[in-house]
Amino acid sequence: MKKIKIGLISISDRASKGIYEDKGLPALKGWLNLAVLNDKEYIEHLIPDEQDLIEKTLIELVDKEKCPLVLTTGGTGPYIRDVTPDATLAVADKVMPGFGEQMRQVSLYYVPTAILSRQVGVIRKKSLILNLPGRPNAIKETLEGVKDENGNVKIHGVFASVPMCIEVIGGPRIETNEKIVKAFLPKI
């Protein structure tokens, strides 16, 4: 298995100023460490809700750092300062609408206000960028999906499709822990 470089961006005015502890980056890394079997190198950023800074950070992680996967957390709601999807769309080569649709589908299982979410998934060059919610529970839910009391999948999380997307755009094969999320990949 190849090592995968993953860009992680937590977007929060207050956490970036130290007003409260960031919980987005630890939640992302914690879930990825359980779910992804490949060795991982994380490149992390904690930044405020500033569209130009979000755009620059996304471009740096894709163009300079060559991360095949970039995950953001925070800034996806309807509030005036929530500009993560706007920044992501501004740097995109292709929009992958199914990712945002599926994240909302999973979140709607838990809360009716998920309809207010504006998460998007896009491709820039050979990288997949996904905007995830800001709450640690919602991060896990949207990546992993909805499971019944026996652990059977009721609604697939978005990560089930991430390895296939990355592979077909020229990135490394990502192997997953099937107890957490079963990826849909072509047989090799």
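Residues numbered from 1 in each chain as written. Predicted model: local features only at pLDDT ≥ 70, side-chain atom pairs only at ≥ 80, totals over all residues. Heavy atoms only, no water.

As a further point, take the overall build of the protein chain. In terms of regular secondary structure, the protein chain is built from 7 helices and 8 strands. Computed over its C-alpha atoms, the radius of gyration of the protein chain comes to 15 Å, within 12% of the 16 Å expected for a compact globule of 188 residues. Overall, the C-alpha framework of the protein chain stretches about 40 × 40 × 30 Å when taken along its three principal axes. The burial tally for the protein chain puts 51% of its 188 residues in the buried class. Taking the contacts inside the protein chain whose residues are at least 6 apart along the sequence as the reference set, 69% of them involve residues at least 24 apart. Counting only carbon and sulfur atoms, one obtains 53% of the accessible surface of the protein chain, whose full area is about 9400 Å². (Helix = DSSP H or I, 4+ residues; strand = E, 2+ residues; numbered from the N terminus. Rg over C-alpha atoms; globule rule 2.2 N^0.38 Å. Buried < 20%, exposed > 50% of the residue type's maximum accessible area, 1.4 Å probe, protein only. Contact = heavy atoms within 4.5 Å. Areas by Shrake-Rupley, 256 points an atom, 1.4 Å probe, with all protein chains shown as cover.)

Quick look at the sheet that holds strand β4 (residues 94-95) now. Strand order in the open sheet formed by 6 strands is β2-β1-β3-β6-β5-β4, with mixed pairing between adjacent strands. Taken across any chain shown, the strands that pair with only one partner, and hence form the sheet edges, are β2 (40-47) and β4. Sheet topology places strand β1 (residues 4-11) next to strand β3 (residues 69-73); 5 bridges connect them, and they run parallel. Across the sheet, the residue bridging to G7 is V70, located in β3. The strands touched by helix α2 (residues 24-35) are β1, β2, β3 and β6 (127-132); relative to β2, the strand with the most contacts, the crossing angle is about 165 degrees. (Pairing = 2+ DSSP bridges. Axes fitted to C-alpha atoms, helices over the stretch in contact; angles between N-to-C directions.)

On to the UniProt feature "domain: MoaB/Mog" (unreviewed entry) in the protein chain, then. Sequence positions flagged by UniProt for "domain: MoaB/Mog" (unreviewed entry) are, in local numbering, residues 7-153. Summarising residues 7-153: 41% helix, 23% strand, and an end-to-end C-alpha distance of 27 Å. (UniProt positions renumbered as here; feature names shortened; annotations may be inferred.)

On the secondary structure map, D63 appears in helix α3 (residues 51-64). Engagement of the side chain of D63 in a polar contact is seen with the side chain of R124, the distance being 2.7 Å. For D63, the residues in contact, after removing those within four places along its chain, are R124 and K125. (Polar contact = N/O pair within 3.5 Å; in protein donor to acceptor, adjacent residues only side chain to side chain.)

Of the residues making up helix α6 (residues 136-144), those classed as buried are A138, I139, E141, T142, L143 and E144. Residues of α6 that are buried make contact with α2, β3, α5 (97-110), β6 and β7 (145-147). Where α6 ends, the next residue or the one after it, G145, has phi of about 95 degrees, a positive value.

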